[in-house]
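Single-letter residue listing:
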Amino acid sequence: MQVSYKGNIVTKEKVLTDSFVTVENGIITYIGKDRPKDGEIVDYSGKYVMPGFIDIHCHASALNMATDDPKEVAEYHKSHGTTSMLLTYYRDVPHEKLLTCLEQVKGLIGKSNVIGAHLEGPILNASRGTGSGLPQAFPDKNKYVKYIESGVVKQWTSSPEVDGVADMIKDISAAGIVPAIGHSDASYAQVKEAYLAGARLTTHMFDAMGTTKDESTMGGTEDISFGEACMLMDDMYYEVICDKNWVHVKKEKLALLIKTVGIDRVIAITDSFLSDGNVESDINVFYEADGHASLSGSKLTMDKVAQNLFNAGYSPAEVAKMTSYNAAKLLKLADRGEIAVGKRADLVVLSENMQFVKVL
């Protein structure tokens, strides 16, 4: 059956105002100004028709972690426009439990918007936002090879300063998984080693990262930070958590990142976790006994991420790149991520001020 949607069609380059996108058997067959002669016409004049969102870093819905109810997490984010997603599992998931989770992910692929898993750990720097202790203090190949063999891991975050991580990254990359680096204060040399081993993504840029002091640095000068080192690597992508008040990433920091590496390398994510109970905020803030406040991901959905980017001054085409197209490129999803003839018709409708309307 052929259906055409009229509206402001958002491609990766521009917005085609008052235009049509035609879909047949789930595939885009036409984009243009001319009114299709055949099939049904659905009018969304004045609204944006955009590629469905792709979220590569998401732990939870409002009520459930992916470890507990992955299907509910997927359905929740689908209802907010995420048409493809990686369920993310943090470093604190025990080995046997994680193997069970990966089997659950396998059961959802092809039956939901879940396309795989992202492992955030377990090999992470314990001083960079990962809590106390680690399930394993160094890469254990007997364990991590089982995650590779699951066939569902698409992205994998590690801290490059941990001994043995570079060799693990080589194994991850050889298996076709995107190695990511984050939760780190690695030096430039350690970042470069990870990059040469195959790392191609920085996990939540400007969050849970720091600087290792170089012995040659004198007073009045500045060391290169982990994030700055990552920005010097060619062909690297960069996740950003875009909450409405720009707590995770300052707007100016995002502008600097885009100016440095280009907008085609920036991927907006939710890093959604269980809610802290504050319904007025889209971030999670937890307080320790001494009153110290710390972030724990967000309560974001990708439709809110898109609106936050739009409200910060990014064009609809730029928003579409950061919320869909760039992630598709990173994961080599050639069939989706943009509105183009021959691509999957993973489409969402948003209002003129980028408020979510529906998934088509």
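The present account deals with the structure reproduced in this document. Just so you know, these numbers come straight off a predicted model, no measurement behind them.

Section: the sheet that holds strand E11 (residues 237-241)
Phase 1 of the analysis: An order of E5-E6-E7-E8-E9-E10-E11-E12 is seen for the eight strands of this open sheet, with the pairing classed as parallel. The sheet is open, and its two edges are formed by strand E5 (53-58) and strand E12 (266-269), each paired on a single side.
Phase 2 of the analysis: Set on the sheet, helix H2 (residues 95-108) makes contact with strand E6 (82-90), strand E7 (114-120) and strand E8 (153-158); between it and E7 the angle comes to about 160 degrees.

Focus on empty space enclosed by the protein
Phase 1 of the analysis: Considering all chains together, one arrives at one cavity of 30 Å³ or more under this definition.
Phase 2 of the analysis: Along the walls of the largest cavity sit Pro51, Gly52, Ser324, Arg336, Gly337, Glu338, Arg344, Asp346 and Leu347, which together make up its complete lining.
Phase 3 of the analysis: Residue composition of the lining of the largest cavity, grouped by class: two nonpolar, three polar and four charged.

Describing the layout of surface pockets
Sizing a probe to match a water molecule and rolling it over the atoms shows the empty space that remains.
Phase 1 of the analysis: Its volume calculated, the largest pocket comes out at about 890 Å³.
Phase 2 of the analysis: Lining the largest pocket we find 40 residues, and of these Gly129, His183, Asp207, Ala208 and Leu295 sit closest to its centre.
Phase 3 of the analysis: Of all the elements in the fold, those that place two or more residues in the lining of the largest pocket are E6, helix H6 (226-231), helix H7 (251-261) and strand E14 (293-298).
Phase 4 of the analysis: In the lining of the largest pocket, the residues fall into 16 nonpolar, 15 polar and nine charged.

Quick word on the side chain of Ser159
Phase 1 of the analysis: The topology assignment puts Ser159 in the loop between E8 and helix H4 (165-174).
Phase 2 of the analysis: At 3.0 Å, the side chain of Ser159 forms a polar contact with the backbone oxygen of Gly182.
Phase 3 of the analysis: Among all residues touching Ser159, those that are not within four sequence positions of it are Ile123, Leu124, Asn125, Val165, Gly182, His183 and Ser184.

Notes on the sheet that holds strand E4 (residues 40-51)
Phase 1 of the analysis: Spatially, six strands are ordered E3-E2-E1-E4-E15-E16 in an open sheet, and the strand pairing comes out mixed. Strands with a single pairing partner mark the edges of an open sheet, and in this sheet they are strand E3 (27-32) and strand E16 (356-359). Each strand axis lies, on average, 40 degrees off the axis of its neighbour in the sheet, ignoring direction.
Phase 2 of the analysis: Across five bridges, strand E2 (residues 15-24) lies against E3 in antiparallel orientation. Note that in E3 the partner of Phe20 across the bridge is Gly32.

Cut-off values and rules
Residues numbered from 1 in each chain as written. Predicted model: local features only at pLDDT ≥ 70, side-chain atom pairs only at ≥ 80, totals over all residues. Heavy atoms only, no water. Pairing = 2+ DSSP bridges. Helix = DSSP H or I, 4+ residues; strand = E, 2+ residues; numbered from the N terminus. Contact = heavy atoms within 4.5 Å. Axes fitted to C-alpha atoms, helices over the stretch in contact; angles between N-to-C directions. 1 Å grid on protein atoms, 1.4 Å probe; cavity = no way out; pocket = protein on both sides within 12 Å on 5 of 7 lines; lining within 4 Å. Points joined across faces, edges and corners; volume = space filled by probe spheres on them. Nonpolar A, V, L, I, M, F, W, Y, C, P; charged D, E, K, R; others polar. Polar contact = N/O pair within 3.5 Å; in protein donor to acceptor, adjacent residues only side chain to side chain.

Bear in mind that shape data such as this cannot, by itself, settle questions of function.
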